[in-house]
Amino acid sequence: MVFRAPIRSMATAARRSLKIGMLPADGIGREVLPGAKAAILALGSSIPKMEFIDLLAGFEYFTKTGTALPDETVQILKSECDCALFGAVSSPSRKVTGYSSPIVALRKKMDLYANIRPVKSVSINPEGRPGVDLVVIRENTECLYVKQETQTVGEHGKEARATRLITERASRRIGELAFKMALERPRKHLTVIHKSNVLSITDGLFRETVRAVPTLPGVDGKYDDVTVAEQLVDSAVYRLFREPEIYDVMVAPNLYGDILSDAAAALVGSLGLVPSVNAGDSFVMGEPVHGSAPDIAGQNIANPLAAIRSAAMMLRHIGYGDGADRIERAVDSVLREGKVLTPDLGGKSKTSEVVDEVTKRI
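Residues numbered from 1 in each chain as written. Predicted model: local features only at pLDDT ≥ 70, side-chain atom pairs only at ≥ 80, totals over all residues. Heavy atoms only, no water.

- The name an unreviewed UniProt entry gives the protein is Mitochondrial NAD-homo-isocitrate dehydrogenase LysB, with Suillus subaureus as the organism.
- Of the protein, the UniProt comment under Sequence similarities (unreviewed entry) reads exactly: "Belongs to the isocitrate and isopropylmalate dehydrogenases family." (UniProt positions renumbered as here; feature names shortened; annotations may be inferred.)

In structure tokens form, the structure reads like this:
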């Protein structure tokens, strides 16, 4: 799965070492992030010397300390790290006083406005499914994830409300990124995902702003070769399962992008295969799409491939494309061979065995 980063490279020729922040957080995050580290180290001298900085965050850390994202973690990321890898977080589905998701907070504090999630078939694909090769580009800082919720008591009992924020600025910059990525891909096709037939103001602003990117000052026909389509989010989910081959690049507000990319993962075999990066203009953080999977945590059966692929995406983003290629080819060869796979892909291998097999091939 080769991913070409459209955001400007942050690598410098003079760099002698790389400092990577490591935030395993909760559950299987602590099992798959070491696999990503092993894959990076397997590149040897072809990339600068690695320094891995272990950092704290997560719901389990919150239960011990009362904070899910220590200020020190953010400051070290900003002042010392060139990039970062995040594992997974066990955010509860119930309200917990004082708790807020650390990954959501990190995206905002580090201004990682784009969550880029490529989904591509290799060999693990349900029988009869057409090939999948798409990228979901998810706006990463607003929508319902601004987490402004209230609960009151009205005439008919409790009433809960949430504020949904869509801004022209955020929509424009995620739209610009989506057009850049679509232009770099062979099909040059972009689908804008929205629900503006119902949410005519918020989704309407997102839709209009993204579609207006080719008319921005200075663009001057740059995106004339990009075909632009749009799809209501509910129809997009339906068509994603019926005819995924119609999609190339999909750009969506925060919540829709999260749902669509998780759904797309089912088409290629497992959430354990799908990587992502949270990217801004000056920092990038790799993050597997899967969650903390508490039901299998500690059993050495979690799929490490999404985390390893996320590490490759991170390296590519900061300018080490050759190393990223080596990691991605190793992962793809393991999948095509199909002999060393974790249970989510129908295999019997352990997490550590899959990591060993990938690193041998790097």
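Having seen the structure, we can now continue with the description.
## A word on the side chain of Asn303
Okay, step 1: Its location among the elements puts Asn303 in the loop between strand E12 (284–286) and helix H9 (305–317).
Okay, step 2: A polar atom in the side chain of Asn303 sits 2.9 Å from the backbone nitrogen of Leu305.
Okay, step 3: There is a polar contact of 3.0 Å between the side chain of Asn303 and the side chain of Asp344.
Okay, step 4: In contact with Asn303, not counting residues within four places along its chain, are Val32, Ser270, Gly272, Leu273, His290, Thr342, Asp344 and Leu345. (Helix = DSSP H or I, 4+ residues; strand = E, 2+ residues; numbered from the N terminus. Polar contact = N/O pair within 3.5 Å; in protein donor to acceptor, adjacent residues only side chain to side chain. Contact = heavy atoms within 4.5 Å.)

## With respect to the packing of aromatic side chains
Okay, step 1: Scanning all chains against the criterion turns up 4 aromatic pairs.
Okay, step 2: On the numbers, 6.0 Å between centres and 25 degrees between planes, the contact of Phe59 with Phe62 is stacked. Residue Phe59 and its partner Phe62 are located together in helix H2 (residues 59–65), separated by 3 residues, close to a single helical turn.
Okay, step 3: Residues Phe62 and Tyr99 carry aromatic rings whose centres are separated by 5.1 Å and whose planes lie at 65 degrees to one another, so their mutual orientation is edge-to-face. Of this pair, Phe62 sits in helix H2 while Tyr99 sits in the loop between strand E3 (83–88) and helix H4 (102–109); the two residues are 37 residues apart in sequence, bridging distant segments of the chain. Judged on exposure class, the residue Phe62 and its partner Tyr99 are both buried.
Okay, step 4: The ring of Tyr145 is capped by Arg138, whose NZ or CZ atom sits 5.2 Å from the centre of that ring. (Phe/Tyr/Trp six-rings, centres within 6.5 Å; stacked < 30°, edge-to-face > 60°. Buried < 20%, exposed > 50% of the residue type's maximum accessible area, 1.4 Å probe, protein only. Lys NZ or Arg CZ within 6 Å of the ring centre and 35° of its normal.)

## Quick word on unusual backbone geometry
Okay, step 1: Unlike most non-glycine residues, Lys188 shows phi in positive territory, near 55 degrees.
Okay, step 2: Tracing the backbone shows Lys188 in the loop between helix H5 (168–184) and strand E8 (189–194).
Okay, step 3: Lys188 sits in the partly exposed class, given a relative accessible area of 25%.
Okay, step 4: Notably, Asn300 is not glycine yet its phi reads approximately 60 degrees, a positive angle.
Okay, step 5: Among the secondary structure elements, Asn300 is positioned in the loop between E12 and H9.
Okay, step 6: Asn300 sits in the partly exposed class, given a relative accessible area of 28%.

## Here's the deal with the packing of H5 against helix H6 (residues 202–211)
Okay, step 1: The interhelical angle for the contact between H5 and H6, taken along N-to-C directions, is 45 degrees, at an axis separation of 8 Å. Between H5 and H6, the interaxial angle falls into the category oblique. You can see that H5 and H6 cross each other, and the crossing is right-handed. On H6, the residues that touch Glu168, Ser171, Arg172, Ile174, Gly175 and Phe179 of H5 are Leu205, Phe206, Thr209 and Val210.
Okay, step 2: Taken together, the residues of the contact of H5 with H6 break down into 5 nonpolar, 3 polar and 2 charged. (Axes fitted to C-alpha atoms, helices over the stretch in contact; angles between N-to-C directions. Parallel < 35°, antiparallel > 145°, perpendicular 65-115°, else oblique. Left-handed = near helix turned anticlockwise from the far one by under 90°. Nonpolar A, V, L, I, M, F, W, Y, C, P; charged D, E, K, R; others polar.)

## Here's the deal with the packing of helix H1 (residues 29–41) against H9
Okay, step 1: The N-to-C vectors of H1 and H9 enclose an angle of 45 degrees; their axes lie 8 Å apart at closest approach. On the basis of the axis angle, H1 is oblique to H9. Like other packed secondary-structure pairs, H1 and H9 cross with a definite hand, here right-handed. Seen from H1, the contacting residues are Val32, Gly35, Ala36, Ala39 and Ile40; seen from H9, they are Ala307, Ile308, Ala311, Met314 and Leu315.
Okay, step 2: Considered class by class, the residues forming the contact of H1 with H9 number 9 nonpolar, 1 polar and no charged.

## What to know about the pairing of strand E1 (residues 17–25)
Okay, step 1: Where E1 meets strand E2 (residues 49–54), 6 bridges bridge the pair, whose relative direction is parallel. Note on E2: the bridge partner recorded for Lys19 is Glu51.
Okay, step 2: In this region the chain leaves E1, passes through H1 and returns to the parallel neighbour E2; the handedness of that crossover is right-handed.
Okay, step 3: Across 5 bridges, the pairing between E1 and E3 is parallel. (Pairing = 2+ DSSP bridges. Right-handed = clockwise from strand over helix to strand, strands pointing away.)

## Quick notes on H1
Okay, step 1: Counted at 1.5 Å a residue, the expected span for H1 with its 13 residues is 18 Å, and the 18 Å between its end C-alpha atoms agrees.
Okay, step 2: Residues of H1 that are buried: Gly29, Glu31, Val32, Leu33, Gly35, Ala36, Ala39 and Ile40.
Okay, step 3: Those residues of H1 that are buried are in contact with E1, E2, E3, H9, helix H10 (321–337) and helix H11 (351–361). (Expected span 1.5 Å × (residues − 1).)

## Things to note about the side chain of Asn115
Okay, step 1: Position of Asn115 relative to the elements: it lies in strand E4 (residues 114–120).
Okay, step 2: Judged by its relative accessible area of 0%, Asn115 is buried.
Okay, step 3: A polar contact of 2.6 Å, which involves the side chain of Asn115, links it to the side chain of Arg117.
Okay, step 4: Within the structure, the side chain of Asn115 is placed 3.1 Å from the side chain of Asn278, a separation counted as a polar contact.
Okay, step 5: Contact partners of Asn115, with chain neighbours within four places excluded, come to Val136, Ile137, Arg138, Asn140, Ser276, Val277, Asn278 and Glu287.

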